[in-house]
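Residue strings, one per chain:
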Amino acid sequence: MKLPRIVIAAPRSGSGKTLVSIALMKALSLRGKKVAAFKCGPDYIDPMFHKKILELPSKNLDLFFTDEDRTRELFSFGNKGDISVIEGVMGLYDGIAGYTGKASSYHLASVLEAPVLLVVNTKGTGLSVLAEIKGFLAMDEKRLIRGIILNNMSESLFTSLKPVIESECRLPVLGYLPTMKDLLVESRYLGLTLPDEIKDIKLSVEKAAAGLCQTVDIDRILGIAEAAPELAPTVSKASKSFDGASPSEETADFSFLEADGVSMGGEEKVRIAIARDEAFCFYYEDNLKLLEYYGAELVPFSPIHDPLLPKNIDGLILGGGYPELHGDKLEQNLSMRNSVKVALSRGLPSLAECGGFMYLHQRIGTSEGVFRNMAGVIEGDCSYKGRLVRFGYCQLSEDTGAFSGDSGLKIKAHEFHYFDSTLSGESCTAVKPVTEKSWKCCHTAEDHWWGFPHLYYPSCPAFPRKFVDKCRAFRKKKACEKKYSFFQNRECEMFPCHPTDDVDNFNCLFCFCPLYFSGEKCGGNFKYTEKGIKSCVNCDFPHKRENYDSLMKKIGKLLKEKNDGRP
């Protein structure tokens, strides 16, 4: 399969890979080239930059998550790009555990037989950069490095250094980038600043692309990419299966990548709400594709801006992100927090990872020590530790089998967080590759899987399939449930005091609160209206429909007495 491609790599993080990658992608797009964007490794933020620039999805390729054959298949299946630009991770040879080459940018380039462009940061150096380049070439056993781009260099120094490097290394120096103050992509503890947080980013990238065209040989880069050899055929569908499943149990190819909304087996779709806003934005593209393949209709919503969960949903996904940076807005959105808590108390199937997992806690504490109230589903707090609590790859196995129904289910994941929980969970065992260090984590039950690790579904497609099946079962259960029509005191000034996703059939008013009629102590905060009638505010009681049969009898009796004119 002929797929023109290049890997943008560097000696280390902070060399300018992202800047060169997005400027090059934009420059190629302006030339009319259809660009396919990829990111080596588990990072979420770089693909967000790619998507922002190209307005196309960007995919992760990771040789820990998937083996070499499957990684080639993920790269090539449905790839219709005129050129594929693959942004590397860390330093060119940095792989798992930092002292192995597995899952490194070089490993990926080797598997894809892709030429490498090495971006070298020259800030604070001159001829010494030659020693660095020679060292990287010495480790290039497969001769994949095909060109050099010098970052943070002046035109005059470039003119002098270029012939020296080319003579000594017998490798083309394709150009340079001066320091670009208009596009400074700063870092924070989880990586780069998000693209939507950078003012006028599209205009800045257009300027960077224009500058790149002036100082870098784009035609030669195209020639290097087009000279990449044809990829060898991938393994046959019948000879290879996904981890943890035989071909008869799971699809053995990646046809889900082109499913385009058509679910496997033609089963009825289920509506799964998925948090998508500035606080929750970390999702692997192929995770979403797999969910859709198995029959999910993903319904985006914002825990920050929307008052309630979407209507008529059968499942909920709370992905990773930065909830701690938006804690005040999340706390202020009481109706959404209550909506999530009530929905999960009713058994709505749910997945939550990292930032989404943090949101389910009672509180999140910022780096300044300020705690914000969250959904209150998990009886614990999350707080900033000022250091990486967990970092790197792991493989998870659910010890109880409560969610998977099979204690042998294993799924690969990645962790990167500076926060920790007072109740991280003990349902799963995580094991790190190479060192085999292990620890307990995650909360799982029949209807949920919550924890810090970011899961990669293609490493175990049985996982998303089971989740979609649970959502489908929940949908059927809802259809069989008795529908209640409650008396609602709409004249009350507090109405509706506790909005949910089902306000027509359910509302936390005194007129049908089990605690109010049973005489039990009310656990919520409440006040009295001027008429002396109790109204609920910020009530945390997990209301359940099964409580209402006896309650409705009491309400009916009271109404009958009132209508009969009795005192």
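Please refer to the structure higher up on the page.
Read on for an overview of the structure.

**Focus on the overall build of the protein chain**
Next up, step 1: When helices and strands are counted, the protein chain shows 15 helices and 28 strands.
Next up, step 2: Counting all 567 residues of the protein chain, 56% fall into the buried class.
Next up, step 3: For the protein chain, restricting intrachain contacts to residue pairs at least 6 apart in sequence, the fraction spanning at least 24 positions comes to 74%.
Next up, step 4: Carbon and sulfur atoms form 50% of the exposed surface of the protein chain, whose accessible area is close to 24700 Å².

**Thoughts on the packing of aromatic side chains**
Next up, step 1: Scanning all chains against the criterion turns up 24 aromatic pairs.
Next up, step 2: Centroid distance phenylalanine 65 to tyrosine 456: 4.5 Å. Interplanar angle 10 degrees. Geometry classified as stacked. Linking phenylalanine 65 in the loop between strand S3 (59–61) and helix H3 (68–76) with tyrosine 456 in the loop between strand S26 (454–455) and helix H13 (462–480), this pair joins segments that are 391 residues apart in sequence. In terms of burial, phenylalanine 65 and tyrosine 456 fall into one category: buried.
Next up, step 3: It is arginine 363 that lies over the ring of phenylalanine 371; its NZ or CZ is 4.2 Å from the centre.
Next up, step 4: Just above the ring of phenylalanine 64 sits the side chain of lysine 412; from NZ or CZ to the centre is 5.0 Å.

**Description of the nonpolar core**
Next up, step 1: Judged by nonpolar contacts, the single largest core of 65 residues is most densely connected at Ile272, Leu316, Val340, Tyr359, Leu396, Trp449 and Phe463.
Next up, step 2: Take this core: its biggest share by element is six residues, from H13.
Next up, step 3: What isoleucine 272 contacts, discounting residues up to four positions off in sequence, is Ala296, Glu297, Leu298, Val299, Gly315, Leu316, Ile317, Phe467, Val468 and Cys471.
Next up, step 4: Ala114, Leu130, Phe136 and Ile145 belong to the second largest nonpolar core, which has 59 residues in total.

**Details of the pairing of strand S18 (residues 378–384)**
Walk down a regular strand and you will see the side chains alternate between the two sheet faces.
Next up, step 1: Extensive coverage of S18 is indicated by the burial of five of its seven residues.
Next up, step 2: Summarising the sheet, strand S16 (residues 361–365) and S18 pair through four bridges and their orientation is parallel. Counted as the bridge partner of histidine 361 is isoleucine 378 from S18.
Next up, step 3: Note: S18 against strand S21 (residues 419–421), three bridges, orientation antiparallel. Across the sheet, residue tyrosine 384 finds its bridge partner in S21, namely phenylalanine 419.

What counts, and where the lines are drawn
Residues numbered from 1 in each chain as written. Predicted model: local features only at pLDDT ≥ 70, side-chain atom pairs only at ≥ 80, totals over all residues. Heavy atoms only, no water. Helix = DSSP H or I, 4+ residues; strand = E, 2+ residues; numbered from the N terminus. Buried < 20%, exposed > 50% of the residue type's maximum accessible area, 1.4 Å probe, protein only. Contact = heavy atoms within 4.5 Å. Areas by Shrake-Rupley, 256 points an atom, 1.4 Å probe, with all protein chains shown as cover. Phe/Tyr/Trp six-rings, centres within 6.5 Å; stacked < 30°, edge-to-face > 60°. Lys NZ or Arg CZ within 6 Å of the ring centre and 35° of its normal. Core = buried A, V, L, I, M, F, W, Y, C linked by side-chain atoms within 4.5 Å. Pairing = 2+ DSSP bridges.

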